[in-house]
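Reading the structure
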Amino acid sequence: RLDDRLSDRDFRPLIALEPGKPLSRRAPRETLANFYATGLFSKVELITREALAPTQVVAMIVAERPPAVGEVRIEGTTGLPARQLRRQVKQRDGSILSAARRDEGVEAILDTLFDRGYLEAGAIWRTVPQVDGEPDVVITVKAGPQAALGELSFSGDLGPYGADDLKPPLGLSEDYDPERIEESIERLRRFLVRRGHLGAVVEPPTTRYVPERLAVDLAYRVDAGPLYEVETQGVERRWLERRGFLPLRERPFEPVLFEQGCARLRD
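Residues numbered from 1 in each chain as written. Predicted model: local features only at pLDDT ≥ 70, side-chain atom pairs only at ≥ 80, totals over all residues. Heavy atoms only, no water.

Along the chain, Val128 turns up in strand β4 (residues 122–130). Classification of Val128 as partly exposed rests on a relative accessible area of 21%. As a C-alpha pair, Val128 and Thr207 span 79 residues in sequence and 39 Å in three-dimensional space. Those residues within four positions of Val128 in sequence are excluded, and the remaining contacts are Pro135, Asp136 and Val138. (Helix = DSSP H or I, 4+ residues; strand = E, 2+ residues; numbered from the N terminus. Buried < 20%, exposed > 50% of the residue type's maximum accessible area, 1.4 Å probe, protein only. Contact = heavy atoms within 4.5 Å.)

Okay, structure coming up:
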């Protein structure tokens, strides 16, 4: 019996053993597998003993239910709203306590804070016993200071451009935002392609956190490559680009792109 809502009758469909029928080797294994599959038990055993009749046995299933959780709470200096961090935790109120879900929740909270620039964030969990119920799980968060975007630097073949020319196309703000930083790679490449550097390559920037300045410096490596001029006869270049016959802005320049575009245009 688990609690007031569940009784052994609820689990009879899981039992592959049938009273009065021969005891096969498959039935005990299937029964144990069914109980474990419910996710309600941490340990299940099938115990048999001799019955009064010499040709019969008595089977007893012993199942242990893992502890449950009362409430999951987020405390401390969270940096972000506690309810936003609480959504990252898969351990639900009143559910069976899962160390895996609990630890994954802590990692997800830290990932969320890191993505928002709280690079010194920490989080730990603990269980708090309750007098009249299941213990609560409390995750204490220390977000720490929020980092800003620091210095931007460029190396490699920059072509005729300087750092002041390449910073605006990145589209970055003063905040440290990993998502916008990832998008900035393609924005800078497209900037170079529009200016004729059809084979331009921009690598993901390396990052360096400087605690003294509470800032993250980014270093981009750029290969602008040669400057091309595309001349079309009989049709405008913009017409080709709009219809995908000249996909120079989507991918680095390769001769095969022109060959594919010409073949599609002929078709």
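Now for the sheet that holds strand β5 (residues 133–142). The sheet built from three strands is open, its strands ordered β3-β5-β4 with mixed pairing. Whereas interior strands pair on both sides, the edge strands pair on one side only; in this sheet they are β3 (72–77) and β4. The sheet shows a mean angle of 25 degrees between the axes of neighbouring strands, taken without regard to direction. Contacts between helix α3 (residues 99–115) and the sheet are confined to β3, β4 and β5, with β4 contributing the most and set at about 140 degrees to the helix. (Pairing = 2+ DSSP bridges. Axes fitted to C-alpha atoms, helices over the stretch in contact; angles between N-to-C directions.)

Pairing analysis gives eight bridges linking strand β1 (residues 43–50) to strand β2 (residues 57–64), with the strands arranged antiparallel. Considered in β2, the bridge of Val44 is made with Ala63. Linking β1 back to β2 in an antiparallel pair, the connection comprises six residues.

Attention now goes to α3. Residues three or four positions apart in an α-helix share a direction because the helix packs 3.6 residues into each turn. Taking 1.5 Å of rise per residue, the 17 residues of α3 would be expected to cover 24 Å, and the 24 Å separating its terminal C-alpha atoms lies within 8% of that figure. Where the residues of α3 are buried, they touch β3, α2 (82–86), β4 and β5. Where α3 ends, the next residue or the one after it, Gly117, has phi of about 95 degrees, a positive value. (Expected span 1.5 Å × (residues − 1).)

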